[in-house]
Structure formats: structure tokens, C-alpha cells
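Summary of structural features
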Amino acid sequence: MAHDNKVVRLTGQASVSRFALPTELVRLRDTSGQSLKAVLASFFEQADDSLFALADRAASNQDQTAYFDAMRELRLRRKSMTVSVLQYVSQAFNDLGKFKPSRSGSSLEEVDQDSLSLLDHSELEQQVAIDNLTNRLRNRYQEQVRMLAARIRHLVPQLELSDDQMPLSPEVLCGAISDACTDLDIDIRAKLVVLKLFERLLADKLGDFYQACNKTLAASGVLPDMKRAPVAGQAPKGSGTAGASHSPAAGAAGEGAGPRVQSSTTDGQAPTFNELSALLHQGSGGQSAPSPAGTVLDTDRLMARLSELQGEAQQDTGNTVLPLRQQLQPLLQQSEGKPLSVAQVDSDVINLVSMLFDFILEDRQLHPTMKALIGRLQIPVLKVALGDKNFFNRGGHPVRKLLNELALAAIGWSEKRPGMRDPLKEKIEEVVGRVLNEYTDQVGLFEALLKDFGHFMDLDRRRRELVEQRLRDAEEGRARQERASQAATEVIHEHTAGRVIPEPVLQVLNEPWTRYLQWVVLREGEDSERWQQARAFSARLVWTVDPRPVSTDTRAELLKAIPEVVEELRMALQEISWDPFATDAAIRDLELAHVDVFQNLVTAPVVADTAPSVERVDIPETPAEPEEVPQRPEPAPEVVDERPEPAPAQPAEVSPLVAEATVDTAQAEADAPAAALPEWLDKADRLRVGSWVEMARDETRVRCKLAAFIKATGKYIFVNRSGAKVAEYHREDLAIALQDQTITMLDDGLIFDRALESIIDNLRHSRKD
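Residues numbered from 1 in each chain as written. Predicted model: local features only at pLDDT ≥ 70, side-chain atom pairs only at ≥ 80, totals over all residues. Heavy atoms only, no water.

Quick look at the overall build of the chain
A count of helical and extended segments in the chain gives 26 helices and seven strands. A buried classification covers 47% of the 769 residues belonging to the chain. Sequence-distant contacts, at least 24 apart, represent 74% of the contacts inside the chain between residues at least 6 apart. Approximately 39,100 Å² of the chain is accessible, and the part contributed by carbon and sulfur atoms is 51%. (Helix = DSSP H or I, 4+ residues; strand = E, 2+ residues; numbered from the N terminus. Buried < 20%, exposed > 50% of the residue type's maximum accessible area, 1.4 Å probe, protein only. Contact = heavy atoms within 4.5 Å. Areas by Shrake-Rupley, 256 points an atom, 1.4 Å probe, with all protein chains shown as cover.)

Observations regarding the nonpolar core
Residues Val89, Phe198, Leu206 and Phe209 are the most contacted members of the largest nonpolar core, which totals 70 residues. Residue assignment for this core shows that the elements contributing at least two residues are α2 (23-56), α3 (61-94), α4 (121-140), α5 (142-155), α6 (170-181), α7 (188-201) and α8 (207-219). Per-element accounting of this core gives the leading share, 12 residues, to α3. Excluding residues that lie within four positions of it along the chain, Leu206 makes contacts with Val39, Leu137, Tyr141 and Leu173. With 65 residues, the next largest nonpolar core counts Leu373, Leu402, Leu406 and Trp413 among its residues. (Core = buried A, V, L, I, M, F, W, Y, C linked by side-chain atoms within 4.5 Å.)

Section: the pairing of strand β3 (residues 692-697)
Two faces make up the sheet, and in a regular strand the side chains alternate between them. Where β3 lies against strand β4 (residues 700-710), six bridges are found, and the strand directions are antiparallel. When the bridges of β4 are listed, Val693 appears paired with Cys704. Taking the residues between adjacent antiparallel strands as the criterion, β3 and β4 are bridged by two residues, where Asp698 takes a positive phi near 55°. Pairing between β3 and strand β7 (residues 743-745): three bridges, direction antiparallel. Bridge pairing in β7 places Glu694 opposite Thr744. (Pairing = 2+ DSSP bridges.)

Comments concerning the sheet that holds β7
Read from one edge to the other, the open sheet built from five strands follows the order β6-β5-β4-β3-β7, with strand pairing classed as antiparallel. Single-partner strands in this sheet number two, and they are β6 (725-730) and β7. Strand after strand, the sheet turns through a mean of 35° between neighbouring axes, direction not considered. The strands that helix α18 (residues 444-496) touches are β4, β5 (715-719) and β6; relative to β4, the one it contacts most, it runs at about 60°. Its contacts with the sheet put helix α25 (residues 731-739) on β5, β6 and β7, and the angle it makes with β6 is roughly 105°. (Axes fitted to C-alpha atoms, helices over the stretch in contact; angles between N-to-C directions.)

Section: the packing of aromatic side chains
If you walk through the whole model with that rule in mind, you get 14 aromatic pairs. Ring centres of Tyr439 and Phe446 lie 5.2 Å apart, and the angle between their planes is 65°; this geometry places the pair in the edge-to-face category. Classification of Phe446 by relative accessible area gives buried; the value is 2%. Measuring from ring centre to ring centre gives 4.8 Å for Phe709 and Tyr716, while their planes differ by 45°; the resulting arrangement is tilted. Here a set of aromatic residues connected by ring pairs shows up, and it is made of Trp513, Tyr516, Trp519 and Phe537. Stacked on the ring of Trp680, the Lys or Arg Lys683 has its end atom at 4.2 Å from the ring centre. (Phe/Tyr/Trp six-rings, centres within 6.5 Å; stacked < 30°, edge-to-face > 60°. Lys NZ or Arg CZ within 6 Å of the ring centre and 35° of its normal.)

A word on the pairing of β6
Pairing analysis gives five bridges linking β5 to β6, with the strands arranged antiparallel. Looking at β6, one finds that Ile717 is bridged to Glu728. The turn joining β5 and β6, which pair antiparallel and follow one another in sequence, is formed by five residues; a positive phi near 90° is taken by Gly723.

Some remarks on the environment of Arg731
In this structure, Arg731 sits in helix α25. Along the primary structure Arg731 and Thr713 are separated by 18 residues, whereas in three dimensions their C-alpha atoms are 9.9 Å apart. Not counting chain neighbours up to four residues away, the residues in contact with Arg731 comprise Leu681, Ala684, Asp685, Gly714 and Tyr716. Reaching out from Arg731, the side chain makes a polar contact with the side chain of Asp685 at a distance of 2.7 Å. (Polar contact = N/O pair within 3.5 Å; in protein donor to acceptor, adjacent residues only side chain to side chain.)

Some words on the pattern of salt bridges
For the structure on display, the rule yields 40 salt bridges. Across the salt bridge formed by Glu45 and Arg78, the nearest N and O atoms sit 3.9 Å from each other. With Glu45 in helix α2 and Arg78 in helix α3, this pair connects stretches of sequence that are 33 residues apart. Accessibility expressed as a relative area gives 32% for Arg78, which makes it partly exposed. For the salt bridge of Asp164 with Lys100, the shortest nitrogen-to-oxygen distance reads 3.6 Å. (Salt bridge = Lys/Arg side-chain N within 4 Å of Asp/Glu carboxyl O.)

Concerning helix α16 (residues 398-410)
Between its terminal C-alpha atoms α16 stretches 18 Å, which fits the 18 Å expected from 13 residues at 1.5 Å a residue. Counting buried positions along α16 gives 10 out of 13 residues, so the element sits mostly inside the fold. Taken as a whole, α16 has its buried residues at Pro398, Val399, Arg400, Leu402, Leu403, Asn404, Leu406, Ala407, Ala409 and Ala410. (Expected span 1.5 Å × (residues − 1).)

Brief notes about the packing of helix α13 (residues 344-362) against helix α15 (residues 378-387)
Their axes nearest at 10 Å, the elements α13 and α15 cross at an angle of 140°. Between α13 and α15, the crossing angle belongs to the class labelled oblique. For the element pair α13 and α15, the recorded crossing hand is right-handed. Here α13 contributes Asp346, Val349, Ile350, Val353, Phe357 and Leu361 to the contact with α15, which in turn contributes Gln378, Val381, Leu382, Ala385 and Leu386. (Parallel < 35°, antiparallel > 145°, perpendicular 65-115°, else oblique. Left-handed = near helix turned anticlockwise from the far one by under 90°.)

Focus on α3
In this model, α3 (34 residues) spans 46 Å end to end at C-alpha, consistent with the 50 Å of a helix rising 1.5 Å per residue. At Arg77, α3 is bent by approximately 65°, the largest bend along its length. (Bend = angle between axes of the 7 residues up to and from the residue.)

As for the packing of helix α20 (residues 529-545) against helix α21 (residues 554-575)
Two numbers describe how α20 lies on α21: the axes approach to 9 Å, and their chain directions differ by 130°. What the angle tells us is that α20 and α21 run oblique. Every pair of crossing elements has a handedness; the one defined by α20 and α21 is left-handed. Along its contact with α20, which presents Arg530, Phe537, Arg540, Leu541, Trp543 and Thr544, the element α21 presents Thr554, Glu557, Leu558, Ala561, Ile562, Glu564, Val565, Glu568, Leu569 and Glu575. Of the residues belonging to the contact of α20 with α21, the class tally is eight nonpolar, two polar and six charged. (Nonpolar A, V, L, I, M, F, W, Y, C, P; charged D, E, K, R; others polar.)

Observations concerning the environment of Ser722
With respect to the element layout, Ser722 can be found in the loop between β5 and β6. In this structure, the C-alpha to C-alpha distance between Ser722 and Gly412, residues 310 residues apart in sequence, is 9.8 Å. Non-local contacts of Ser722, meaning those with residues more than four positions away in its chain, are made with Lys416, Arg463, Arg464 and Val467.

Here we look at the side chain of Asp458
On the secondary structure map, Asp458 appears in helix α18. The contact partners of Asp458, leaving out residues within four places of it in the chain, are Lys196 and Glu199.

Topic: the side chain of Thr514
Counting through the fold element by element, Thr514 comes out in helix α19 (residues 503-524). In this structure the side chain of Thr514 is engaged in a polar contact, spanning 2.6 Å, whose partner is the backbone oxygen of Leu509. Setting aside residues no more than four positions away along its own chain, Thr514 makes contact with Ala488, Ile492 and Leu509.

This is how it looks when you write it as C-alpha cells:
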């Protein structure tokens, strides 16, 4: 093992002199490498069995061949792929602050401006598969990853690390997987099978891995008291060293305060039901237990009554859902109207589940229609919690996972127009309906529904990712085209301003020559030597049709330059495949303009070479500002006061036009939108691709997500759930929209975990009060 670690570390030897990795991160690198090696070993073993089962159930020979090819290649490349992943992750540690994981084309927080060509279908499919895995890991282990990132940033405050630069981040792990799969000697169909296996199997194996990584740093004294990821812009709590957990304040908080309940279900052990129950009573955060004076309803009879209530809930299809306590009021009464009591433990479960769904039903991240659908699961979830007290602290419980998946899928949902089909809403209604109709006491139903819904979302996500990828490619190409067009227009305007250009030549400049300039920008960029040559040629071309100021050498210079200019123009238009007949016509127009120039030279005033005020102008080799021509003064300003100048002794009156213009300017300044504050500009900068927002449009609220940031134009592109473009913003406009609440951020964290954290925080505050 130690030998393997030494081999892996060789990738980072070059950076040791530049940056010394803290001891805690060295320890994390080594321990995480061993843990990751074990995770990969487990994956390869399970992948072999899964591929064999898939091949056995394959619907066609082509599918079966793909499965067997993938299985054979994984067996042969298992060791080399493991080494490749470990080396990649180790490099992320060793080059901390400089390492950037390899991104697929769909992660366009920074668009590659040098690639205009569209990807073929196989590369696009592979990119989508990697992106699906990245998004799934980040969404599923969001809290653990954020806590790990906070601890790493705490160790290296001198480095500005983005989320994807964090060692062991989903981007780094998926980049390592993508890199390891590059050398697989199989076709794209079999390779997609391998990547899909990583998405299915590996995503379920990293929970313990991330927990172990956080524990390793906490045991080394790195923020040992941090129980939840810090909010952006705030320092993490418990930012002391190893001894911070034994401080007097910590001891005082623990003495006589009952069980210590963690506010996060992701770092260390999640709060057990007994801890939650104790906190519930000490905090008085839930309703007190029913009076034992009446008849006590045991758990079996309570479950039977809940089943009856569950049957009645099947008939409720409206958007209004009653809170759980209100639904249970008729159930906890005898036929004579006397109240019934439940056991203390059952009462605590009811209170906790009720508070969970109170949070969900009040959560603004979900549309009211989706909250109503999820809210119909209150009775079945209560039955699950009554039968399994580990429901609250078991993060992988199928019911919790199903609730999280339903909420995560619904976060971007917006109501469709009447008559339009809504597959997502129909699927969620189907899941809720099956739970209400079929659930009795078998949790296996939730596992089957979770698997079925996951398959539905995988297909839906894959379709949306393909649509979004094509949109991003189109936007990137459009951005490059816009920039090329702008650069070409600037060059033409720069060299024609103040010049007298014949109309036929001006048409040549504005059409074929502008197209050539755009082609050069798109192909070689504005920093290339060819672009500089094209700019210089533009100046020479304009000079040959308006060679002012004229000197005694102008005629000789024109005779030398014109043949070269004509030939270079012909070659340039041929290079962009301009129509040959149009090219001949353009050359003919240019030659006629040159004939006119020579005729006009006979009568043109000649500027003496020795004149002190005029400098002799040669053929410009590099772009330059046009000389100021005495015969052609610049256009006069729009507003001119033509009245006679007032006598020196009298004060000048203000022109009514000037006064009116001043008033209009002041009014325009008053009506101009306020500039965005720095904090909102910072929030716009931190907005990551994939983030969901709610946007006010046409007196309605539309939910969409950031699909891409096009760096060339500074545009943020937003799409809806279907992948269709909804809006685009520049940085300043986006910051103002965030500041004015025209756009609001949505939290796409796991809803069950957020609800549980909220309950714990509320109970703790109640205890302090």
C-alpha cells in the first residue's frame, strides 16, 4: 500500500517547490487514496455481475455484444483504471490552486473560445454521461462536499479555490473517471454502458467515503466542531484547532443540556430518534403528549386507523393539503366524542413527521402544485416512521430518498398551459397514487417506486442535457460570430471615417471584405499575425481610393501599390470561396475607382513636403487613425446656438435648446436604473451552471436554471426544464435583477435533510429561550 502511494505521488513532484501541502492535507490525500481504492474495487466487482445480468436480459444481439465488450474491457483494464484515477486525484492535491479538472463541453462556466466545431453524437453522449454523474454526486452529497471544501479552505486561506478545484470534489472524481475511460478499447455504445454503470453503482458508494474524509480532517483538528456547511460568505462555525472541542464554552453547552444532537445528518452519526425525542421535550418545540387520562390507542390500532385515513386521502386531488395534525384530529376521537391518547413514543413520531411536512409545505423552493402532491404522502410516511424508528437517522432509507428525489425533480417545474401534456407531473401523480393505493407495511414498495422514478428521471435528464448541450454549442458559435462581426465592423469604420469612398468600393468593403475579416477572426483570432495583416491591408485599400493628403510622390506610390492591392484582394476573396463572378465585378469596380483617382490627381492640391504643418503620408503598413483633412471638417454638433455672440460686457443667455437638453439629461439620469451593489455582483459571479432560479416574466413566475455562461460575450443563458432557452443576461443586468428580486435563487439541496436541520435548529432555539 505504501509503495502504491509513493507511485501515485510522483505526479505532483514538480509543484513541491512552489507550494508545500499542509500536513493535514497530505494525511487526507493518503487516507482518501486507500479509501478510494477500496471503493473502486467494490465497484469493479459489482460491475462485473451487473454487466453479466444485463447481457443475460439483453433485448438484442447488439445490446448483448456491447455488455460483453464492456465486461471484458473492465476486467482487462481494472488495475490500470484504478491507478489512473488515483494518480488524477493525487495530482489535484499536489497542484492545489492550479489544478483544473478536465471539463466536458456541457460544463461551460468557462467556454473554450478556440473551438467552434460541433461535437459529434458519440462525444456528446459521453459528455452527457459524465455530466450526469457529476450532477448526481454533487446533488446527493452536497452537504458533505461543502463541509469538506470548508475544511480545505480553512487549511489554505491564501489560495482562492473554486468548488471544482477542491480535491475529491465530484468534478475531480468524475474527471478522473472520464480520463480513465479514455483508453478503453471499445466502441461508444459499450463505453456508455461503462459510464452508466459508474453513475448507477459508484454514486451509492461515496457516502461513507465523504464521511471518512471529513472525519480525517476533523480528527486532525480542522474545524472539529463544524456540524453543518457554512453559508456562503460566512466563516464556518467551530473554526478552532484540535483543542477547540474541549473549550470551556463547549463544555458548558454540553453540561446539563441533555443529549447533544447534531444539526446535520451528513457529518458523523445522524441524530437518532431518541435524541430527537429528548430534544423535542426539553425544547417544548412540539406539542405535548396527549393526556393519559383517556383511552390510549396502541400502535397497532393507530396504524389501522391511519390506513383508513390513507384510503380517504386517495380521493383528494386538490392543491390544498391539510397539515398532519389537522388530519389526525378526527382519528383521535371516540365515537362519543371523547378524545383518544397515543403512546408517548408514537406522539413524538407524530410531532416530528408533522414538523417535517410543515417545513415541506411552507418551503418556497417548490411550486404549490408540487407541494400539494408531496404533501399527500404525510399519512404513509407517518406509518413508515411509526414502524421504523431508524427512519430519522438512516440517510439511505428508501422513503427519505424518494421524498428527496421527488422534491429535486419538482424544483424546476412550472405549470404548463392548458391542453399541454406534462410528463413530470403525471409521473409524480403516478408515484403518489401508487403509494396511497398499495402501501400497507412493506417498505419494498418505496424501493421499487424509487428505482422506477430514478429510471424516468435518467431518461428525462439525458434528453434535457442533449437539448441544453446543443443550445450551448449554438450560443457559443453565435457569440464568436457576434464578436467577429463587431471586430470587422470596427476595422472598416476605423479606416473609412473621414474618407471619401466611392459607393462601389464601399460596397466591396462592407460585404466581401467584411466577410473575409470575420473569417480571419473566427479561424485564427484577433491576436494572430494574419489578423494584423488584414487590418493593415484594409488601410492600404482605403488609401488607394482616397490618397489624401496628396504629395509629389503620391502618383508613384499609387502605381506601385495598386497592383499588389488588387491581387491581394482577389486572393482573399478566393480563400473564402466568394462567388467568382461577384469577385470579378468587385475587382472591376475597384479598378474603375483607381482610374478616377489618377484623373483627380491632376487637379488635386499638392501638399509640399517641406510644409511644417502637414506631415507626409506614406502607404500605411499598420492601422492608424486617419489624418485630419482641412478640406473636410468633421460634422458639426447636433445642437448649435447660431445667435450672434453677446457683447463682452453682458452675460450670455442660456439657449432654450441647451436648457431643454439639460433638463432631459437630468431626467434621464434620474430614470436610469440603479447600478448593482458589489455584493450582488459577487452573487452573480458565484452563480454556478446548473443553479435553479425563479424569474418574474409577464406577471408570472418562471423557474429556470443557468445552462451556460458564455465568456466571449459575458452572457448568462437560462433554460426551462425542457432545455428551451428562457432568457439571457449580462453580468450587470443579472446582478440588478437579483438585487431587485426579479430573479431569486432556489435551494436545490435535499429537502428531507433541510427539513430535519430546520427542526433541530428550531428546537435548540426554543430550549435556549
